[in-house]
Amino acid sequence: MARAKAIVSRLLANTLRKSVWAKRLIYANGSAFRDEIDSVVYGNRLNHDQNSVRDEKSVYTLRRNTHRLEKGLIMRPRRPVFALDYIEETIAAYESLAGKHCDTDQGQGQLLQWSHDVLTAYFEGTAEADHPLIDKVKARFEDATKRIEATRSDYAPFSRGAEPSGISIEQLQALSLHRRSCRWYLPKPVPRELIDAAMDAARYAPSACNRQAFCYYVFDDPEIASEVGGIPYGTKGFNQQFPCFVVIVGNLAAYPFARDRHVIYIDGSLAAMAFQYGLEVQGLGSCCINWPDDPALNRRMRERLGLGPHERVVMCMSLGYPDPEGMVPYSQKKTLDEIRKYVK
C-alpha cells in the first residue's frame, strides 16, 4: 500500500510540475490544504470579530502591540512620534482588560502590568510631541489605569548588558549531544513540578511579536497518555508505555492575516526545544513526534482535546524517566558545513 501511494504521488508530482493550472486545481481542492484554509479563515474571522472571544482578542492585540511599542522605544535614534497607526487599538485592548484582571502576579494581570509600564514609557517619550491623537489616548490610558490601580514597575525596556550567561558553549554542546529521542520509559510518574519547571524555561523562547499563540496540553495519566499518544502516526509499538504525553496546539485567532498562518508552528516549536532541554537537565527523556497535516487526524485530535476549528496541532511529544536499558538510534547528523553557509 505504501509503495503504491508513493508511485501515485510521484506520478502526480511529475504531472503537476508541467501544468500551473492543474497544480492549483489539485492542491486548492486537496483535503489537507482545505483543512488548513478553513482553520486560517476561521481564525482570522475570530481575530477581526469584535464581539467574538473579546477577552482573547484583547489579550493577543495587547501582547502584539505592546511589543511593537517596546521595539519603537529601543530604536536608535528613537523617533519623537511613532505608533500612530495602532496606538488607539492598543489602548482599546488595554481598556477592555482593565479592571477584570487586577492580580499582577497572575497571567493577564502581568500582561496589564507590562503594558502599563511600556505605555507609560511611550507617553513619557512622546510628551514633547504635543500630538492631538497621543494626548487623547493618553487620557484614556490614565483613566483605565485608575481602575486597576497599577503603579510603575520594572517591565519596560532595559539595558541588556554584555555579561555572558554563565553557561559555556561546551556545556551547551554537551547537553545537545546528551539529548536523544527517548522512546522507552520507566513505569514511574513524572512529577508535575518538573514539567512546570521545564515549561517555565520554555515560555521565554522567542515568539513573533510576543504573542505566544500556543498551548501545551499535558496528559500525565499513563493510561490516557498512551491513548492520546496512539493518535499520531509513528507511535505504534511504543505508545503503550508513555508515562506522559504532550500535544502542542497553536491558536490562529491570534493573527488577523493569512500570511501569518505558519507562525504557530515556528513559535510552538521554538518553545518545544527549550522545553526538551529543561526536561533533560532534570533527568527526564523526551521524544518529538511528528504531526502530519492529515484532516482525519486533525479531526480526531480536535475532538479528543475539545479544540476549535481555529486551533491546530503543531507537534506532539512523549516524556518520562528514561529506561536505562532502552536503546536510542544513533541518528547521524549532518556536518557543520552541510547546514551552514556564510554568504558574502
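Residues numbered from 1 in each chain as written. Predicted model: local features only at pLDDT ≥ 70, side-chain atom pairs only at ≥ 80, totals over all residues. Heavy atoms only, no water.

**Q** Hey, could you run me through the side chain of S318 in this one?
**A** Assignment of secondary structure puts S318 in strand 4 (residues 311-320). Taking the relative accessible area as the measure of exposure, S318 reaches 0% and is therefore buried. Here Y185 takes part through its side chain, which lies 2.7 Å from a polar atom of the side chain of S318. Not counting residues within four places of it along the chain, the set of residues in contact with S318 comprises C182, Y185, F242, C244, F245, G285, S286, C287 and I289. (Helix = DSSP H or I, 4+ residues; strand = E, 2+ residues; numbered from the N terminus. Buried < 20%, exposed > 50% of the residue type's maximum accessible area, 1.4 Å probe, protein only. Polar contact = N/O pair within 3.5 Å; in protein donor to acceptor, adjacent residues only side chain to side chain. Contact = heavy atoms within 4.5 Å.)

**Q** Could you clarify how one ought to interpret unusual backbone geometry in this entry?
**A** Note on backbone geometry: most residues besides glycine have negative phi, and most peptide bonds are trans. Residue P77 follows R76 across a cis peptide bond; omega there is -5 degrees. Position of P77 relative to the elements: it lies in the loop between helix 4 (54-73) and helix 5 (87-97). Positive phi outside glycine occurs at D130, with the angle close to 50 degrees. Residue position: D130 is located in the loop between helix 6 (107-125) and helix 7 (132-148).

**Q** Please clarify how the environment of Q282 should be interpreted in this entry.
**A** Turning to its location among the elements, Q282 is positioned in the loop between helix 11 (263-280) and strand 3 (285-289). Here the alpha-carbon distance between Q282 and A197, two residues 85 residues apart in the chain, equals 9.1 Å. The residues touching Q282, leaving out its near neighbours within four places in the chain, are L194, A197 and A198.

**Q** When you look at the pairing of strand 4 in this model, what are you seeing that I'm missing?
**A** Along a regular strand, successive side chains alternate from one face of the sheet to the other. Within strand 4, 10 of the 10 residues are buried, leaving the element largely enclosed by the surrounding structure. Here eight bridges tie strand 2 (residues 244-251) to strand 4, and the two strands are oriented antiparallel to one another. Considered in strand 4, the bridge of V247 is made with C316. Across five bridges, strand 3 lies against strand 4 in antiparallel orientation. Residue C287 lies in a different strand from strand 4, and its bridge partner there is S318. (Pairing = 2+ DSSP bridges.)

**Q** Quick question: what am I supposed to make of a nonpolar patch on the surface here?
**A** On the surface, F33, I37 and V41 cluster together into a nonpolar patch covering about 270 Å² of accessible area. For V41, the location among the structural elements is in helix 3 (residues 31-48). (Patch = residues over 30% accessible without salt bridge, like charges linked within 9 Å, V, L, I, M, F, W, Y side chains within 5 Å. Areas by Shrake-Rupley, 256 points an atom, 1.4 Å probe, with all protein chains shown as cover. Salt bridge = Lys/Arg side-chain N within 4 Å of Asp/Glu carboxyl O.)

**Q** How do you make sense of helix 11 when you look at a structure like this?
**A** Since the α-helix advances by 3.6 residues per turn, residues separated by three or four positions end up pointing in the same direction. Compared with the 26 Å implied by 1.5 Å per residue over 18 residues, the 26 Å span of helix 11 between its first and last C-alpha is a close match. Those residues of helix 11 not exposed but buried are V263, I264, D267, G268, A271, A272, F275, Q276, G278, L279 and E280. Against helix 8 (169-178), helix 9 (192-202), strand 1 (214-219), strand 2, strand 3 and strand 4 lie the buried residues of helix 11. (Expected span 1.5 Å × (residues − 1).)

**Q** What should I look at first to understand the packing of helix 5 against helix 6 in this one?
**A** To characterise two packed helices, one gives the angle between the axes of the helices and the distance between these axes. It is the contact of helix 5 with helix 6, at a shortest axis distance of 11 Å, that shows an interaxial angle of 140 degrees. As for how helix 5 packs across helix 6, the hand of that crossing is left-handed. Here I87, T90, I91, Y94 and L97 of helix 5 lie close against helix 6, whose contacting residues are Q108, L111, L112, S115, H116, L119, Y122 and F123. When its residues are assigned to classes, the contact of helix 5 with helix 6 shows nine nonpolar, four polar and no charged. (Axes fitted to C-alpha atoms, helices over the stretch in contact; angles between N-to-C directions. Left-handed = near helix turned anticlockwise from the far one by under 90°. Nonpolar A, V, L, I, M, F, W, Y, C, P; charged D, E, K, R; others polar.)

**Q** How should the packing of aromatic side chains be read in this particular structure?
**A** Given two aromatic rings, their pairing is described by the distance between the two centres and the angle made by the two planes. All chains considered together, the criterion is met by 10 aromatic pairs. Here the aromatic rings of Y216 and F275 are separated by 5.6 Å at their centres, their planes lie at 80 degrees, and the arrangement is edge-to-face. Of this pair, Y216 sits in strand 1 while F275 sits in helix 11, and the two are 59 residues apart along the sequence. An identical accessibility class is assigned to Y216 and F275; each is buried. Among the aromatic residues, those joined into a cluster by ring pairs are F82, Y94, Y122, F123 and F141. (Phe/Tyr/Trp six-rings, centres within 6.5 Å; stacked < 30°, edge-to-face > 60°.)

**Q** What exactly am I supposed to notice about the sheet that holds strand 3 here?
**A** Backbone-to-backbone hydrogen bonds pair the strands of a sheet. The strands run either parallel or antiparallel. Strand order across the open sheet formed by four strands is 1-2-4-3, with antiparallel pairing between neighbours. With one partner strand each, in any of the chains shown, strand 1 and strand 3 form the two edges of the open sheet. Strand after strand, the sheet turns through a mean of 25 degrees between neighbouring axes, direction not considered. Bridging between strand 1 and strand 2 involves six bridges; their strand directions are antiparallel. Residue pairing across strands places F219 opposite F245, the latter belonging to strand 2. Here helix 12 (residues 295-305) sits on the sheet and contacts strand 1, strand 2 and strand 4; the angle it forms with strand 4, its principal contact strand, is near 75 degrees.

**Q** Can you walk me through the pattern of salt bridges in this structure?
**A** When charged atoms on two side chains of opposite charge get close, those side chains can pair. Counted under the stated rule, the structure contains 10 salt bridges. D35 is paired through a salt bridge with R312; the nearest N and O atoms lie 3.1 Å apart. Placement of the pair is D35 in helix 3 and R312 in strand 4, with a sequence separation of 277 residues. The buried category is assigned to D35, whose relative accessible area is 11%. Exposure remark for R312: the relative accessible area of 3% places this residue in the buried category. The network of salt bridges with common partners includes D35, D293, R302 and R312.

Honestly, that's just the spatial picture; any functional story needs more than this.
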